[in-house]
Amino acid sequence: MGVSRHDIHVLDRFIKPFGSILFVLFLAFASLVLGAFLSIHNSDWTWFSRFGSVITVSGLLLVSSPVFDQGVYRAHAKAFAFGSKDEHGDSKVTDEESRQTGNKVLVGIVVSIAGTLVWGFGDLLGRISVC
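Residues numbered from 1 in each chain as written. Predicted model: local features only at pLDDT ≥ 70, side-chain atom pairs only at ≥ 80, totals over all residues. Heavy atoms only, no water.

1. Considering the overall build of the chain
Here is step 1 of the chain: Scanning the chain from N- to C-terminus turns up five helices and two strands.
Here is step 2 of the chain: Reading the helices (α) and strands (β) of the chain from amino to carboxyl end gives α-α-α-α-β-β-α.
Here is step 3 of the chain: Here the chain holds 131 residues, and the buried ones make up 27% of them. (Helix = DSSP H or I, 4+ residues; strand = E, 2+ residues; numbered from the N terminus. Buried < 20%, exposed > 50% of the residue type's maximum accessible area, 1.4 Å probe, protein only.)

In structure tokens:
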């Protein structure tokens, strides 16, 4: 079954990569490494803190991944689906795709928290004698 042209937003092709957990985690890790490199190179740990903001945004992108995965208009279409029974006869209202999306949202929350900590306290690493 195809997708109606009415359900495709003009920006869908540009935002889809931001729904990929690998792409977003790479963005977060690259920001961490680049921030640390610039901080060491310039002896100025405020660079590390600044790149923490990019890590936070990376986590928020994962939290928003249902919009990026499914497109702007279709993000909440499954919210009105009906439940079913699993192999044991218990009620089940999610499918595998929904659970994977939930996992990405959870990883996004963790990345956002880590990025916010780097953003807020990363410059303090320059005060530790090891660095």
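Having seen it, we continue.
2. Some details on unusual backbone geometry
Here is step 1 of the chain: Non-glycine residue Ser43 carries a positive phi angle of around 50 degrees.
Here is step 2 of the chain: The residue Ser43 is located in the loop between helix H2 (21-42) and helix H3 (46-63) in this model.
Here is step 3 of the chain: Taking the relative accessible area as the measure of exposure, Ser43 reaches 66% and is therefore exposed.

3. What to know about the packing of aromatic side chains
Here is step 1 of the chain: This structure, assessed with the given rule, holds one aromatic pair.
Here is step 2 of the chain: A cation over an aromatic ring shows up here: Arg50 above the ring of Trp47, its NZ or CZ 5.3 Å from the ring centre. (Phe/Tyr/Trp six-rings, centres within 6.5 Å; stacked < 30°, edge-to-face > 60°. Lys NZ or Arg CZ within 6 Å of the ring centre and 35° of its normal.)

4. Comments concerning the environment of Ala114
Here is step 1 of the chain: Summarising the element assignment, Ala114 is placed in helix H5 (residues 96-121).
Here is step 2 of the chain: Taking the relative accessible area as the measure of exposure, Ala114 reaches 36% and is therefore partly exposed.

5. Details of the side chain of Ser49
Here is step 1 of the chain: Residue position: Ser49 is located in helix H3.
Here is step 2 of the chain: Ignoring anything within four residues of it in the chain, the contact list for Ser49 reads Val118, Trp119, Phe121, Gly122 and Asp123. (Contact = heavy atoms within 4.5 Å.)

6. Comments concerning a nonpolar patch on the surface
Here is step 1 of the chain: Nonpolar side chains collect at one region of the surface, where Ile109, Ile113, Leu117, Phe121 and Leu124 lie side by side and expose about 480 Å² of accessible area between them.
Here is step 2 of the chain: Tracing the backbone shows Ile113 in helix H5. (Patch = residues over 30% accessible without salt bridge, like charges linked within 9 Å, V, L, I, M, F, W, Y side chains within 5 Å. Areas by Shrake-Rupley, 256 points an atom, 1.4 Å probe, with all protein chains shown as cover. Salt bridge = Lys/Arg side-chain N within 4 Å of Asp/Glu carboxyl O.)

7. What to know about the packing of H2 against H3
Here is step 1 of the chain: Packing of H2 against H3 leaves a shortest axis separation of 8 Å and a crossing angle of 175 degrees. Viewed along their axes, H2 and H3 adopt a mutual orientation that is roughly antiparallel.
Here is step 2 of the chain: In terms of residue class, the contact of H2 with H3 is built from 16 nonpolar, five polar and no charged. (Axes fitted to C-alpha atoms, helices over the stretch in contact; angles between N-to-C directions. Parallel < 35°, antiparallel > 145°, perpendicular 65-115°, else oblique. Nonpolar A, V, L, I, M, F, W, Y, C, P; charged D, E, K, R; others polar.)

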